[in-house]
Amino acid sequence: MTTADLAAAAPTDRAEHHYELLRQMLRIRRFEERCVQLYSATKIRGFLHLYIGEEAVAAGAMAALTPADAIVSTYREHGHALARGIAMHSVMAEMYGKATGCSRGRGGSMHLFDAATRFYGGNAIVGGGLPLAVGLALADQMADRPVVTACFFGDGAVAEGEFHECLNLAALWHLPVLFCCENNLYAMGTRIDRAHAVTNLAARAAAYGLSAVDVDGMDVLAVETQTRAAAEFVRAGHGPYFLEFRTYRYRAHSMYDPDRYREKAEIAQWQQHDPIDALVRRMRGDAELDDDALARLDAEIAAEIDAAVQAAEEAPLEPIEDLTRFVYAESRSHDG
Amino acid sequence: MAVETLTLGKALNNGLRRALERDPKVLLMGEDIGKLGGVFRITDGLQKDFGDERVIDTPLAESGIVGTAVGLAIRGYRPVCEIQFDGFVYPAFDQIVSQVAKMHYRSRGKVRLPIVIRIPFGGGIGAVEHHSESPEAYFAHTAGLKVVACSNPSDAYTMIQQAIASDDPIVFFEPKRRYWEKGEVDTEAPLSAAHPLHAARVLRPGRDATVLAYGPMVRTALDAATAVADDGRDLEVIDLRTLSPLDLEPVYDSVRRTGRCVIVHEAPSSGGLGAEVAARITEKCFSRLEAPVLRVAGFNTPYPAARMEEEYLPDLDRVLDAVDRTYGW
């Protein structure tokens, strides 16, 4: 669907579309809420970075991309992966470190990967995904494929050198990269105005010659509309585009973060603009959603999560004998 | 004498505090070190007490942090950079290897870079790749850098102060899995009376075999020695402490007595510190060796997922198995 198609869509189609956006946001939130429980129960190990509060960005942006487009993500990527269409059971198995996970149990929470959906990975290194996106896009450009590479990263990444190298490269070579900056105002424990001289990140991107706008990242419809327009621009060969999604994470940076660097009132204030609540209110107002439909949706998602958890519980771990396998593509004895 | 029982993390915190008190030119800089107090709380409370101009929160820019430290050091400051996790040091690798290590040499000694780069390293906390790595060999390989690793609270307290007082750039490895382990620290002993920074230390004398370790594996080596003591096997445990320059005289003395040596580190064996140490021992003690010098190390793989970590990391059994194997020749 193009932007124009969307605007012209019949009310029933529009209602269906809104329902799907709501469904994706709820799947992400409930999935992560369950992950918190599973982490406390040590079913999930390693690190866990929650996306709760930011769901509108993943749901809205992924709705505006095509299956041929590529995604590059961050360590806070459960939402991106689910909204992109990696099966929930595959993501959950990866959280468990099971061999049936999308990264075969070796990636875990931060390194979800799925070539089938062109999801080229979470990345534990802040800013680490940007050069990768430039390379993917260059390959597409050289092969004349009308494909967009959507590269997600946070406000923290804007401070890294790679950000600046990559925006310049993408602009210089007119690469089809859609830079999706999720500005949640905090790089771990450091607020944006304590890390950036210029906190208007879209303005920073514009300085490299990119088309850049900021978007209300708590409004899934705004996210979708702006992403769709930006993706069309990129796909048409006009070069890269930069979207700054203004959003907020409700939870701490990770499960170990005591969250001492911000006021609870600030979190509560952002929760007033919760993207899920906002869409539910809007759909109810337009008679697109009633209590029964919402209850059905909740039940359906709970069942999906239960099934994913059960499958992950039952799935095998990679055998310990495999510890030294896949270090090299061409096998040889290397640990003698 | 004021002996306190401190965790290794708190000992580092106290050591940094003393360094900040002693010398107004000492600055701390790094990601989340100020208001948050660092991911591991090593700098907890220091920004509050010394101000945000001496305990500096930086953006996520490792190359920028270390490069800025070079400039500060040229102008007479003594910057202490915190790299948040071992695996985050690589963006700064260029600055460390190309600038920090070489500027003194390049200027024929005119420029001194009294920089400390603190890196929490190693696994054992259920973290994953980028957060559990042991990159010390990269730095020990680079002439112009000094590399040390502390293993206990007392050493952590003194070594961090000695490193900051040094006029050479020092990569300071902290065993993150041991941050919460407690030990006695004499916080009033003068620094001048402390064991020298670039000196190994025999932590447990023994007759039968020499076990070398540094950083997080020292505790493992000591535990292994304790475990076999009742069986009548008497292991000598030496904490290398300084990885560049290496201080191997105490090691040679030990190996000439025991004839057997096992080196333990978490980093992969290939090209690791153990290889260098084994080579030197062989060169110096060949006729006294009863068996080849053996290495107990991480496997030559990327750091594995959390569920495989226990299998990857050297443990007491692997250390003792290696000691046994030195008796097989």
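Up top is the structure.
Residues numbered from 1 in each chain as written. Chains lettered and ligands numbered in written order. Predicted model: local features only at pLDDT ≥ 70, side-chain atom pairs only at ≥ 80, totals over all residues. Heavy atoms only, no water.

Colleague: How should the overall build of chain B be read in this particular structure?
Modeller: Per the secondary structure count, chain B includes twelve helices and 14 strands. The C-alpha radius of gyration computed for chain B amounts to 19 Å, which stays within 12% of the reference 20 Å derived for 329 residues, consistent with globular compactness. Its C-alpha atoms give chain B principal-axis dimensions of roughly 60 × 45 × 45 Å. Out of the 329 residues belonging to chain B, those deemed buried represent 60%. Summarising the internal contacts of chain B: among those between residues at least 6 apart in sequence, 82% fall at separations of at least 24. (Helix = DSSP H or I, 4+ residues; strand = E, 2+ residues; numbered from the N terminus. Rg over C-alpha atoms; globule rule 2.2 N^0.38 Å. Buried < 20%, exposed > 50% of the residue type's maximum accessible area, 1.4 Å probe, protein only. Contact = heavy atoms within 4.5 Å.)

Colleague: Any chance you could explain the interface of chain A and chain B here in plain terms?
Modeller: Accessible area lost when the parts come together is the quantity often used to give the size of an interface. Every contact between the two is made by 38 residues of chain A and, on the other side, 35 residues of chain B. Here chain A meets chain B over a buried area of about 3,000 Å², counting both sides, of which 60% is carbon and sulfur. For the chain A face of the interface with chain B, the top three residues by lost area are Arg-45, Arg-194 and Leu-323 of chain A, together amounting to 20%. Between the two partners, chain A and chain B, sit two salt bridges. At the boundary of chain A and chain B, one finds ten residue pairs in polar contact (both at pLDDT 80 or more). (Buried area = accessible area lost by both parts, 1.4 Å probe. Salt bridge = Lys/Arg side-chain N within 4 Å of Asp/Glu carboxyl O. Polar contact = N/O pair within 3.5 Å; in protein donor to acceptor, adjacent residues only side chain to side chain.)

Colleague: For this particular structure, what's the right way to read the environment of Val-309 of chain A?
Modeller: Residue and element names in this part refer to chain A. Secondary-structure assignment places Val-309 in helix 12 (residues 291–314). Assessed through its relative accessible area of 10%, Val-309 is described here as buried. Put simply, Val-309 and Ala-59 are 250 residues apart on the chain and 22 Å apart in space, counted from C-alpha to C-alpha. When neighbours within four sequence positions are excluded, Val-309 is seen to be in contact with Arg-34, Leu-38, Met-92 and Tyr-96.

Colleague: Honestly, the packing of helix 6 (residues 130–142) of chain A against helix 7 (residues 161–172) of chain A in this entry has me stumped. Any pointers?
Modeller: Relative placement of two packed helices is described by the angle separating their axes and the distance separating the axes. Residues and elements named next belong to chain A. The interhelical angle for the contact between helix 6 and helix 7, taken along N-to-C directions, is 20°, at an axis separation of 9 Å. Taken together, the axes of helix 6 and helix 7 are roughly parallel relative to one another. Crossing of helix 6 over helix 7 shows left-handed handedness. Residues Leu-130, Pro-131 and Val-134 of helix 6 form the contact with helix 7, whose participating residues are Glu-162, Phe-163, Cys-166, Leu-167 and Leu-169. Its residues assigned to classes, the contact of helix 6 with helix 7 comprises seven nonpolar, no polar and one charged. (Axes fitted to C-alpha atoms, helices over the stretch in contact; angles between N-to-C directions. Parallel < 35°, antiparallel > 145°, perpendicular 65-115°, else oblique. Left-handed = near helix turned anticlockwise from the far one by under 90°. Nonpolar A, V, L, I, M, F, W, Y, C, P; charged D, E, K, R; others polar.)

Colleague: Help me understand the nonpolar core, please; the structure alone is not making it clear to me.
Modeller: Among soluble globular proteins, nonpolar side chains are generally buried collectively. Counting 88 residues, the largest nonpolar core has Leu-28, Ile-115, Phe-139, Phe-172 and Ile-281 of chain B as its most contacted members. When residues are assigned to domains, this core turns out to be shared by domain 1 (3–193) and domain 2 (201–326) of chain B, each giving three or more. Filtering out sequence-adjacent residues up to four positions away, Ile-281 of chain B remains in contact with Leu-212, Val-251, Tyr-252, Val-255, Cys-261, Phe-286, Leu-289 and Val-293 of chain B. Membership of the second largest hydrophobic core comes to 63 residues, among which are Ile-71, Ala-150, Ala-293 and Val-309 of chain A. (Core = buried A, V, L, I, M, F, W, Y, C linked by side-chain atoms within 4.5 Å. Domains from an automatic or database assignment.)

Colleague: Looking at this structure, how should I read the packing of helix 5 (residues 88–96) of chain A against helix 12 of chain A?
Modeller: All names here are of chain A. Packing of helix 5 against helix 12 leaves a shortest axis separation of 8 Å and a crossing angle of 45°. Relative to helix 12, the element helix 5 is oriented oblique. Like other packed secondary-structure pairs, helix 5 and helix 12 cross with a definite hand, here right-handed. Along its contact with helix 5, which presents Met-88, His-89, Met-92, Ala-93 and Tyr-96, the element helix 12 presents Glu-304, Ile-305, Ala-308, Val-309, Ala-312 and Glu-313. When the residues that make up the contact of helix 5 with helix 12 are grouped by side-chain class, the tally is eight nonpolar, one polar and two charged.

Colleague: What's the story with the pattern of salt bridges in this structure? I'm lost.
Modeller: Think of it this way: side chains of opposite charge can pair up when their charged atoms draw near. By the definition in use, this model includes 43 salt bridges over all chains. A salt bridge links Arg-145 of chain A to Asp-140 of chain A; the nearest nitrogen and oxygen atoms lie 2.8 Å apart. Arg-145 of chain A gets classed as partly exposed once you look at its relative accessible area, which sits at 41%. A salt bridge links Asp-57 of chain B to Arg-194 of chain A, with the shortest nitrogen-to-oxygen separation between them at 2.9 Å. With Asp-57 of chain B in strand 3 (residues 55–58) and Arg-194 of chain A in the loop between strand 5 (190–191) and helix 8 (201–206), the pair connects residues from two separate chains. Members of the salt-bridge network, linked through shared partners, are Arg-178, Glu-181, Arg-219 and Asp-223 of chain B.

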